[in-house]
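Here is how the chains run, residue by residue.
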Amino acid sequence: MVTQVEFRLLGSLEVQADGRRLVVGGVRSQLVLVGLLLAAGRTVSVDELVELVWDTEPPTTARKQLQTVVSRLRRLFATHPGAVLSTDPAGYRLDVDRARTDLGRFTTGLATARALVTGGDLTGAAAAFRAALALWRGPALVGLPGQAVALHAHRLDELRLAALEECGEVELRLGRHRQVLPELQTLAGAHPLRERITGLLMRALAADGRHAEAITVYHERAATLRDELGVEPGPELRAVYLTTIGGDGHTVVAPAPEPPPPRALPRPPRRLVGRDRLLAELTDDVRPRLLLIDGMPGVGKSALAITLAYRLAAGARDGQLYIDLHGHSERAPASRYDALGTLLEQVRPAPDAMPDTEAGRLAGWHAGMAARGGVVVLDNAASAEQVEPLLPAGAGWVTIVTSRHRLAPIDGARQLSLPPLDLADGVDLLRQSAGRHDAEVTEGQREVVRLCGRLPLAIRLAGHRLKHRPHWTFEMLADQLRDAPAPLHVSAERHSVAAAFAWSYRQLTAEEQLLFRRVGLHPSGHFEDWAAAALADLPVDETRRLLDQLVEVNLVEADVPGRFRMHDLLQAFAATLVDEPERGAAVDRMLDHYLRTTADANRHREFGDNVEHPMLNLTGRPFTDEHDRLAWMRTYWPTVAAVADLAHRSGAHLHACLLFRAASPFTLGHGHNATAVQLGQQALESARRLGTDDLRAMCHRIIAGHLLRLGHHSACRAHLGRAADLYHRLGDARLLSTVYANLSVVSRYEGRLSEALDSALTAETYAAAAGTPGRLAYARLQAGTAARYLGRYEVALRHLRRTATAVWPHHRVGLGSALMELGCVHRDLGHPRVAALLLRRAAALKRQGSNIASAVEASSEYGRLLVTTGDPESALRIQQAVYDTVRELRDGFFEPAIGNDIGETLTALGRTVEAGAAHETALRQAKERRLRYEEARAWAGLAAALRRTDPGRAESAAATAYDLFIGAGMRPEEASAALSGGRRAGAQLDDGRAPC
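All figures in this text were calculated on a predicted structure; none of them were measured in a lab.

Enquirer: Residue-level account of the overall build of the protein, with values.
Expert: The number of helices and strands found in the protein is 43 helices and 14 strands. When the 996 residues of the protein are sorted by exposure, 57% land in the buried category. Long-range pairs, those at least 24 residues apart, make up 67% of the contacts in the protein between residues at least 6 apart in sequence. Carbon and sulfur atoms form 52% of the exposed surface of the protein, whose accessible area is close to 40900 Å².

Enquirer: Now, about the nonpolar core: what can you tell me, with residues and values included?
Expert: Within the largest apolar cluster, 129 residues are counted, with the highest numbers of intra-cluster contacts made by W632, W637, Y727, F965 and M970. Here this core gets 11 residues from one element, more than from any other, and that element is helix α26 (residues 626-649). Setting aside its immediate chain neighbours within four residues, W637 contacts W632, A663, F666, T667, H672, T675 and L679. Listed in part, the 81 residues of the second largest apolar core include L172, L200, L201 and Y241.

Enquirer: So what's going on with the side chain of T597? Which residues, and what values?
Expert: Residue placement: T597 occurs in helix α25 (residues 580-602). With residues near it in sequence (within four places) discarded, T597 still touches G620, R621, F623 and W632.

Enquirer: Tell me about the pattern of salt bridges, and please be specific about residues and values.
Expert: Oppositely charged side chains can pair when the atoms bearing their charge come close. As enumerated under the stated definition, the model contains 53 salt bridges in all. A salt bridge links E14 to R137; the nearest nitrogen and oxygen atoms lie 3.4 Å apart. With E14 in strand β2 (residues 14-17) and R137 in the loop between α5 (122-133) and α6 (147-173), the pair connects residues that are 123 residues apart, well separated along the chain. R137 sits in the partly exposed class, given a relative accessible area of 33%.

Enquirer: Talk me through the packing of aromatic side chains; I want residue IDs and the actual numbers.
Expert: With the rule as written, the count across this model stands at 11 aromatic pairs. A centroid spacing of 5.6 Å and a plane angle of 15° characterise the contact between Y740 and Y766, whose relative ring orientation is stacked. Residue Y740 is found in helix α31 (residues 733-750), and its partner Y766 is found in helix α32 (residues 753-770); the two are separated by 26 residues along the sequence. Note on Y766: relative accessible area 23%, which makes it partly exposed. A network of ring pairs unites the aromatic residues Y594, F623, W632 and Y636 as a single cluster. The ring of Y749 is capped by R748, whose NZ or CZ atom sits 5.1 Å from the centre of that ring.

Enquirer: Please provide a residue-by-residue account of the environment of Y636, values included.
Expert: Turning to its location among the elements, Y636 is positioned in helix α26. Put simply, Y636 and Y594 are 42 residues apart on the chain and 10.0 Å apart in space, counted from C-alpha to C-alpha. Beyond its immediate sequence surroundings of up to four residues, Y636 is in contact with F527, E528 and R563.

Enquirer: Could you give an account of the packing of α32 against helix α33 (residues 773-790), naming the residues involved and the relevant values?
Expert: The packing of two helices is summarised by the inter-axis angle and the distance between the axes. Put simply, α32 and α33 touch, their axes get as near as 8 Å, and they point 160° apart. When the interaxial angle is binned, α32 and α33 end up roughly antiparallel. Of the two possible hands of crossing, α32 and α33 adopt the one that is left-handed. Residues L753, S754, A756, L757, A760, L761, A763, E764, A767 and A768 of α32 form the contact with α33, whose own contacting residues are R775, L776, A779, R780, Q782, A783, A786, A787, Y789 and L790. In the contact of α32 with α33, the residues fall into 15 nonpolar, two polar and three charged.

Enquirer: Go over the state of the cysteines, please, and point to the residues and values.
Expert: Summed over the entire model, instances satisfying the criterion amount to zero disulfides. C657 provides the cysteine sulfur closest to C699, a residue in no disulfide bond, and the two sulfurs are 4.4 Å apart. Under the relative-accessibility criterion, C699 is labelled buried at 0%.

Enquirer: Go over the sheet that holds strand β14 (residues 563-565) with me, naming the residues and quoting the values.
Expert: One open sheet accounts for three strands, arranged β12-β14-β13; its pairing is antiparallel. Strand pairing shows two members of the sheet lacking a second neighbour, β12 (526-528) and β13 (557-558), which therefore form its edges. Summarising the sheet, β13 and β14 pair through two bridges and their orientation is antiparallel. In the sheet register, E557 faces β14, and the bridge partner there is R565. The strands that helix α22 (residues 529-536) touches are β12 and β14; relative to β12, the one it contacts most, it runs at about 90°.

Enquirer: If you had to explain the sheet that holds β2 to someone new, which residues and values would you point to?
Expert: Ordered in space as β1-β2-β3, the three strands form an open sheet in which the pairing is antiparallel. Because the sheet does not close on itself, it has two edges, and the strands there are β1 (5-8) and β3 (20-21).

Enquirer: I'd love a proper account of the pairing of β2, names of residues and values included.
Expert: Burial of the side chains of β2 extends over both faces: E14 and Q16 are buried on one face and V15 and A17 on the other. Connecting β1 to the next strand, β2, in antiparallel fashion are five residues, including G11 with a positive phi near 145°. Bridging between β2 and β3 involves two bridges; their strand directions are antiparallel. Along β3, the bridge assignment pairs A17 with R20.

Enquirer: How would you sum up unusual backbone geometry? Please name residues and give values.
Expert: In the Ramachandran plot, L141 falls in the positive-phi region, its phi being about 55° despite a non-glycine side chain. Looking at the element boundaries, L141 is found in the loop between α5 and α6.

Enquirer: Requested: an account of α22, with residues and values cited.
Expert: Of all eight residues in α22, seven are buried; the element is thus mostly enclosed. In this structure, the buried side of α22 is in contact with α21 (510-519), β12, α23 (540-552), β14 and α25.

Enquirer: Explain the environment of M633 to me, using residue names and the numbers behind them.
Expert: On the secondary structure map, M633 appears in helix α26. Along the backbone, M633 and T598 are 35 residues apart, and their C-alpha atoms lie at a distance of 7.6 Å. Apart from the residues within four sequence positions on either side, M633 is in contact with T598, A601, N602 and F666.

Enquirer: Which residues make up α33, and what are the values?
Expert: Between its first and last C-alpha, α33 extends 26 Å over 18 residues, near the 26 Å set by a 1.5 Å rise per residue. Buried residues dominate α33, accounting for 17 of its 18 residues. Remark: G791 follows α33 within two positions and exhibits a positive phi of approximately 85°.

Enquirer: Describe the pairing of strand β8 (residues 320-324), listing the residues and the values that go with them.
Expert: The side chains of a regular strand alternate, first on one face of the sheet and then on the other. The element β8 is extensively covered by neighbouring structure, given that four of its five residues are classed as buried. Examined bridge by bridge, β8 and strand β9 (residues 373-379) share five bridges and lie parallel to one another. Pairing of Y322 across the sheet is with V377, part of β9.

Enquirer: Could you give an account of the confidence of the model for the protein, naming the residues involved and the relevant values?
Expert: In this model, the protein carries a mean pLDDT of 81, and residues with pLDDT of at least 70 account for 85%. Per-element mean pLDDT across the protein ranges from 64 in helix α20 (residues 495-506) up to 94 in α22. The model gives residues 608-613 a pLDDT under 50, and that stretch makes 15 contacts with residues more than four places away or in other chains. The low-confidence segment residues 983-996, where pLDDT is below 50, has 34 contacts with residues more than four positions distant or belonging to other chains.

Enquirer: Tell me about the environment of G274, and please be specific about residues and values.
Expert: Inspection of the secondary structure puts G274 in the loop between α10 (235-245) and α11 (276-285). Those residues in contact with G274 that lie beyond four places of it in its chain are L421 and D425.

Each value, and the rule that gives it
Residues numbered from 1 in each chain as written. Predicted model: local features only at pLDDT ≥ 70, side-chain atom pairs only at ≥ 80, totals over all residues. Heavy atoms only, no water. Helix = DSSP H or I, 4+ residues; strand = E, 2+ residues; numbered from the N terminus. Buried < 20%, exposed > 50% of the residue type's maximum accessible area, 1.4 Å probe, protein only. Contact = heavy atoms within 4.5 Å. Areas by Shrake-Rupley, 256 points an atom, 1.4 Å probe, with all protein chains shown as cover. Core = buried A, V, L, I, M, F, W, Y, C linked by side-chain atoms within 4.5 Å. Salt bridge = Lys/Arg side-chain N within 4 Å of Asp/Glu carboxyl O. Phe/Tyr/Trp six-rings, centres within 6.5 Å; stacked < 30°, edge-to-face > 60°. Lys NZ or Arg CZ within 6 Å of the ring centre and 35° of its normal. Axes fitted to C-alpha atoms, helices over the stretch in contact; angles between N-to-C directions. Parallel < 35°, antiparallel > 145°, perpendicular 65-115°, else oblique. Left-handed = near helix turned anticlockwise from the far one by under 90°. Nonpolar A, V, L, I, M, F, W, Y, C, P; charged D, E, K, R; others polar. Disulfide = S-S within 2.5 Å. Pairing = 2+ DSSP bridges. Expected span 1.5 Å × (residues − 1). pLDDT = per-residue confidence, 0-100.

Structure (structure tokens):
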């Protein structure tokens, strides 16, 4: 009898037929099969499969090898039917019944369980959740190599965790706290940063009468979040705590509130006239479909989409997401990279960073969406190609797309072309906007609606004008509209719509007209009152008053206090009203404003002597404190990037260079490296056009820093080399010092430690000659760090002490870096108490300086100290929390180092299998980023983990590590010390009185 094949992904990959495990083939065959199974029913391109199998380094024969693998799989399925593997011009497709994969049965079981929860059958839901979770045999896709597989595995594991949380919630509601308590304790220990699990554990403990333990769990988690990440528990966990302790001091137990979903939708119109029947139909029919709405400008596409989204999202658990894709505006359409960043920030706002690559953002977006549900509005799309990568992967999402033209068909989408309003509905909207509800509909009202093209935007503008002229009739308004001239450059609308805009503009006061046409010059259409004041050349209080007037007459929309936006159609119209002299002066003032504001927002993050630019007479937005500065940069970074791009395109080349420089401390520290490199290349071209060597050198130097974070070391060195040549020509010893200090950083991460120390000492010589204390401190910090990596602790202490003395108490970032390195030196010398004080203080200073990634690095180093003092359990908790934070930041630059820290701690705990896995992951990440020192640490960690279980392999790993350390410039005794974990041989633990 022919047996059909079944597939298992929830654990190690297994293929079975009639209960017997089949041999799929080698790793390549398994990876190809995984790629096809995860996309079952969809064509997978050859490029996708090549990337899955070989990551970023495929051989020249990759496609031929892939064909061989597919042929083997076809033979397997011919013998054991149940899956059909077909080829088409785009790639390969595997069709398989969902019931024949454990992943398909799992997702079906989850859907069943969630439906039972919605229907109130909690007992049935709990059974369905448990049946689905029982399909898991361990971490998803365990044992398969590669970054792409790791992303898929992470997405699947996140699905399991979400299901465990939902199951725990249901079982607590059923009163099964004792049964679920052991599992929640294990989960909370393994995932200390998942606050929902912590909340469930607290509720289970309280229900079991263990109130003190529940409160202790909360305080431990709060302390971990506060000490290691610098954040407080979220509102959901705080609510569980408050309901647990009770308002009168007695312990009570209440269900934890659901996490508030992200809400990024703009406010809907108060009433969407003329679309009631369509809204009712779409509300009943759209879920879970993709809806594409097209129509002419001003017809109300966005208003319909947002109103519909609010109706559909009334019960949505996971959110209401929104993005304007700028498909039809003066600015360029949003790139896939930027759009994914905006959407990811709405779903999971990261404290500091986003993935640097488009592929990383795309993977994060689809992984984050798989287990969620809600509504996404993709407004103002340019094309189907722009939209398709942004469609959420999860089945629980409704996506609504608007565009001015009909998009190319997308599988599963419903297309709707939105017509102008019926004449009767248009009259209704006109009367409502004008505040006049006459008993009869007049021909004058109909004529106004016809002259407005029956478009809601134009009708509302006309009605609002009439509202403030009580003695005017509709017939008088129609006469005004007939006589209104059309603006010169608004060609996308009918003459009647342009006439409505022109007529509304003429009714403004002179000051309101000035502000209206000048804010139309803003490159993003989203602006704050300070930027509008700069464009208008008016005091900010007067600007706010005028903006309020423009909001009243529907020419500008208010987002939140101080922040505004303008409809792109109105913005295009406003821009046509500005002549060239007015345009040039207004744009110059706006550029000055953003340059000064960006510089003020970031200056406190810099280490070294600030470069003075010709901006001392400029006026920017004032800030209250560092939190205010950081919040502004996070909110307005896309605007700053758009303004810098405008400066380059409009020929304001000095502003293009200086805006890039002013934003660089934020972009470097918050993961915006890829965008910064693009802006840097533009700034470099602007510097070339200006013919100024100092600006060219500056651009080369700053671009290099971002390229280092992206792992492009060769390009980084090339830019630093060009900067050094230019500074030599200029005779600028001060900035030559910075270039050589930066070369020291590059060399250190590449594992060229002797070269790193030499470059830092050269930097120190130049800084001393220039007489610049800040640059000298920065050079000494790099010299001390390089010496510490080499194990030359006396040299490191000498440089780091002088650094700390020089920057105390003026520079928080510099002092935090110096204290962290000093703490590491004292740890390795056997001075634990001094090391603990220094490392804790360093982490706090780095958090206060808004440098989260560097702060968690200091916390992980503190964990290494705890291992040496005999508390590896606490060390592991800290380091795992730190690693979770770094992964959330999606800054792969720090992951290898912290992964190696975790591996060393696991070895100290005797968990050598897990330690080996941690070091292997760190080794792969270090190779991808070309971080040779961390690669050597990973081999050393593997040697330590394997010493008892596999002495032969351990010896080989140790030899590889030793060779890498020697190749980095270490002496034999220093390389031997590094193999033992970095601590000097013979160092003794002291009583904490060692000087620092």
